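# Remarks on the overall topology
Each chain, written out:
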Amino acid sequence: MIWSRVLNQKARAVISTVFDISFSIFVLVVGTMTGVVFYAIFDILIFLSTQIY
C-alpha cells in the first residue's frame, strides 16, 4: 500500500515537472512569434511612412 503511494507521488512530480517545462516553452514560443509578427507589421508601416515623404 505504501509502495503504490510513493510511486503515485513520484509520477505526479514527474508529470508536474514535464507540464511546467512544456508550458514555459509554449509561452516563450508564442511570445516570440507574437513579437516577430508585430515587428514585421511595424517595420512595414515605418517603411511605408518613410516612402510617402
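Quick caveat: nothing in here was measured; it's all calculated off a predicted structure. (Residues numbered from 1 in each chain as written. Predicted model: local features only at pLDDT ≥ 70, side-chain atom pairs only at ≥ 80, totals over all residues. Heavy atoms only, no water.)

What follows covers the overall build of the chain. Assigned secondary structure in the chain consists of one helix and zero strands. The C-alpha atoms of the chain give 23 Å as radius of gyration, which overshoots the globular expectation for 53 residues (10 Å, by more than 25%). Overall, the C-alpha framework of the chain stretches about 80 × 5 × 5 Å when taken along its three principal axes. When burial is assessed residue by residue, the chain has 0% of its 53 residues classed as buried. (Helix = DSSP H or I, 4+ residues; strand = E, 2+ residues; numbered from the N terminus. Rg over C-alpha atoms; globule rule 2.2 N^0.38 Å. Buried < 20%, exposed > 50% of the residue type's maximum accessible area, 1.4 Å probe, protein only.)

Before going further, it helps to examine the packing of aromatic side chains. What the rule picks out here adds up to one aromatic pair. Aromatic pair Phe19 and Phe23: ring centres 6.0 Å apart, planes at 15 degrees, arrangement stacked. Remark: Phe23 and Phe19 occur in helix α1 (residues 2-52); sequence separation between them is four residues, near one turn of the helix. The class for Phe19 is exposed, based on a relative accessible area of 54%. (Phe/Tyr/Trp six-rings, centres within 6.5 Å; stacked < 30°, edge-to-face > 60°.)

Following the sequence through the fold, Thr34 ends up in helix α1. A relative accessible area of 37% means that Thr34 is categorised as partly exposed. Measuring from C-alpha to C-alpha, the distance between Thr34 and Trp3 comes to 46 Å, with 31 residues separating the pair along the chain.

It is worth spelling out a nonpolar patch on the surface at this point. Among the surface-exposed residues, Val37, Phe38, Ile41, Phe42, Leu45 and Ile46 lie close enough to one another that they form a single nonpolar patch of about 590 Å² accessible area. Looking at where Leu45 falls in the secondary structure, it is placed in helix α1. Residue Leu45 is classed as partly exposed on the basis of its relative accessible area, which comes to 47%. (Patch = residues over 30% accessible without salt bridge, like charges linked within 9 Å, V, L, I, M, F, W, Y side chains within 5 Å. Areas by Shrake-Rupley, 256 points an atom, 1.4 Å probe, with all protein chains shown as cover. Salt bridge = Lys/Arg side-chain N within 4 Å of Asp/Glu carboxyl O.)

By themselves, these observations are geometric and do not establish any function.
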